[in-house]
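Residues per chain are reported as follows:
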Amino acid sequence: MTGNETLAPLDNSSGSNAGPLSVSGSKVTDQGVNPRKKFETISLAALLLIAFGLPLVMRSPTYLHIVILIYFYAYLTSSWNMVGGFAGVLPLGHSVFIGVGAYTSTILSLQYGISPWIGMLVGGVLSMGIGVLIGLPTFKMRGAYFALATIAFAEGMRVMVENLDFLGPFNLNGPRGLQIPPLNFGFLNFMFKGKEPYYYIILIMLIGVLVLTWIISRSKLGYYLNAGGEEPEAAMALGVNVARAKLIAMAMSSFLTALAGTFYAQFSLFIHPKSIISLDLSFEIAFIALIGGRGSIAGPLLGALLLRPVSDFSRIYFGDVFPGLHLVIFGVILILVMIYQPRGIQEPLTRAYNRFIDRLSKEEQAKEVS
Amino acid sequence: MLYFIEDTINGILMGSIYGLTALGLTIIFGVLKVINFAHGSLLMVGMYVAYWAVALSGVHPYLALVVVIPVMFLFGYLLQDIVIKPIFKAEKDVREPVTVIIVTTGVWYILDNLSLLFFGPQYRSIQDNPLRGKMFELGEMLISVPKLWGCVTALITAAGVYYFFQYTRLGRAIRATSLDRDAASLAGINQYKIYNIAFGIGTAISGIAAITLIPFYNTFPTVGVSFDIKGFIIVVLGGLGSIGGAIVGGIIVGLIESVGPQFMTATWTEAIVYGLFLLVLFVKPSGLFGEKNDW
């Protein structure tokens, strides 16, 4: 290998480390399409095809269930990422938004017969209000205090739900949780016999949130958030309203998280305050984000793809011998990743991907020259 | 009225034990500026060490301090040196190391679940210890003897730690690092060694807290979780980094928990504690005795 060859990829990767979805870097050839763009279009189409075709091949409901949970967690983590990743703070109470979404839609459908789809939006708006309410006083705090405040808020809400049978006219049913009787199947009732419809709903939700994240990361808001997260004083000196940017991010994040809460309620048909507004769930979201890569678009998806199967399979195979195995594995992976790849597993993968693309475009160029 | 006084006294006693469990947390925060989420798990480890030391040797629980303090100091020292230091070094330019916070959560999960694997989910308590279930009569009121021992231990420990930080050479070096780690490094203080020692001290204090708990409290793998959350609340109430604040914060929480049930359902006291915590966070984040610039 000559010196020239070793230098070339280094040179390129420094210009194109903005994530696998970015279309920068590699030399743009005047004649024809940018090979990077071409490859990305093809691989994205292939990925979508695989994702949408998966239930046709994967007939086992158990595996489909696992994949649905992967998407569910990837969705939650992507929503979390808008605050925890881009805004550079550490919210550890996101389960409260899941709880608000789940309880709102469930109560509306159980007590008033309103379709969960409408309840989903109502829950989202309600949750957005709560998110802004938490964000207003807490965003002024430093990292550790912000983390503690979000934990305290979520735990306080859990204690309240567990202690209340009725909140005004709404039946919360206290610590026993709410059960949704599987009676009226159909799209309007957000209730299906098979798992496939749930699969497509959460897949579309996930694609939506990923696209939204992508748009944000390239928008003014994204730059504001990034600047505020890295150097708040410098950003403010430049006239960036950091607090406002963070509040917008929090509002979006809490709205989107609540939607997932409704999905979860309709998918499992049972909500239980101890498991849905739990600290463990909030932590798991943060774990997935940090292991995958905080503040990147692909990070939450990669983290969920890596961690969810670990969790599910260790529960299936070692559940009775070693019930907490998946949490030990989570902890060990987290510590190792944080020591050796502080930016998460997306970073080495992005680097490898860029190198691959560079080689591809070089081959293409060689072909064109010949 | 008598019940009220009795509850108040027992609340103060239990509260100062809460304060002792939070003391290590506040010291680690004061020096490293890191909220140690694994703190409850360290307490759990301390309780298992204490439990086995007492159960195997059959001595008075407080004699086990001789074993528990050095073992826990070493445990904390090595934990910081091996697991947390590398992450610290990776983000050393950041004043508020957020990644470290989440890594301590990883440590929490690992420790709790490993102890579930090794010791099983059963509750363990030392049946035949001289303090168990002892009550002491004050007029017509009943005061728990093991909690009284715990309260005295908490006060002695807090005083000892205060003396150590104010008047010893190492204590002053630790305080210097906590004030300005770069300036301390320039003065020839090895900041990472100081971090290790501070973490060791914090963990050793958890060991002392564990000793005060085992005469009347069960030992089980998730025993730390409730003390963990309570610990955060206590240190924020008292002011993060303040030694006296930890004890006072602990007593406030202890009082709410023990006097509160006179006026409401017992489970609601937990919500009151969270509410008070949020109120302090929003109104006066530096807590009752905290340094203003620390938050």
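This is a predicted model, so every value here is computed, not measured.

### Concerning the overall build of chain B
Step number 1: When helices and strands are counted, chain B shows 11 helices and 2 strands.
Step number 2: Principal-axis analysis of the C-alpha atoms places the extent of chain B at approximately 60 × 45 × 35 Å.
Step number 3: Relative to its 295 residues, chain B shows a buried fraction of 58%.
Step number 4: Contacts in chain B between residues at least 24 apart in sequence constitute 78% of all its contacts with a sequence separation of at least 6.
Step number 5: As displayed, chain B offers around 12100 Å² of accessible surface, 67% of which is attributable to carbon and sulfur atoms.
Step number 6: In chain B, 17 positive and 17 negative side-chain charges are present, and the distance between their average locations comes to 9 Å.

### Side note on the packing of helix H4 (residues 95–112) of chain A against helix H5 (residues 116–138) of chain A
Residues and elements named next belong to chain A.
Step number 1: Two numbers describe how H4 lies on H5: the axes approach to 8 Å, and their chain directions differ by 145 degrees. When you trace H4 past H5, the crossing you get is right-handed. Only Pro116, Gly119, Met120, Val122, Gly123, Leu126, Ser127, Ile130, Gly131 and Ile134 of H5 make contact with H4, whose side of the interface consists of Phe97, Val100, Gly101, Thr104, Ser105, Leu108 and Ser109.
Step number 2: When its residues are assigned to classes, the contact of H4 with H5 shows 9 nonpolar, 8 polar and no charged.

### A short note on the UniProt feature "transmembrane region" (unreviewed entry) in chain B
All names here are of chain B.
Step number 1: UniProt marks residues 12–32, 37–54, 60–79, 100–121, 141–165, 194–217, 229–256 and 263–283 with the feature "transmembrane region" (unreviewed entry), using the numbering shown here.
Step number 2: End-to-end, the C-alpha atoms of residues 100–121 are 29 Å apart, and along that stretch the chain is 91% helix and 0% strand.
Step number 3: Annotation note: span residues 194–217, helix share 83%, strand share 0%, distance between end C-alpha atoms 33 Å.

### Examining the pairing of strand E1 (residues 135–138) of chain B
Residue and element names in this part refer to chain B.
Step number 1: Both E1 and strand E2 (residues 141–144) contribute to a ladder of 4 bridges, which runs antiparallel. Looking at E2, one finds that Leu138 is bridged to Met141.
Step number 2: What sits between E1 and E2 in their antiparallel hairpin is a turn of 2 residues, with Gly139 showing a positive phi close to 65 degrees.

Conventions used here
Residues numbered from 1 in each chain as written. Chains lettered and ligands numbered in written order. Predicted model: local features only at pLDDT ≥ 70, side-chain atom pairs only at ≥ 80, totals over all residues. Heavy atoms only, no water. Helix = DSSP H or I, 4+ residues; strand = E, 2+ residues; numbered from the N terminus. Buried < 20%, exposed > 50% of the residue type's maximum accessible area, 1.4 Å probe, protein only. Contact = heavy atoms within 4.5 Å. Areas by Shrake-Rupley, 256 points an atom, 1.4 Å probe, with all protein chains shown as cover. Lys, Arg positive; Asp, Glu negative; His and termini not counted. Charge placed at Lys NZ, Arg CZ, Asp CG, Glu CD. Axes fitted to C-alpha atoms, helices over the stretch in contact; angles between N-to-C directions. Left-handed = near helix turned anticlockwise from the far one by under 90°. Nonpolar A, V, L, I, M, F, W, Y, C, P; charged D, E, K, R; others polar. UniProt positions renumbered as here; feature names shortened; annotations may be inferred. Pairing = 2+ DSSP bridges.

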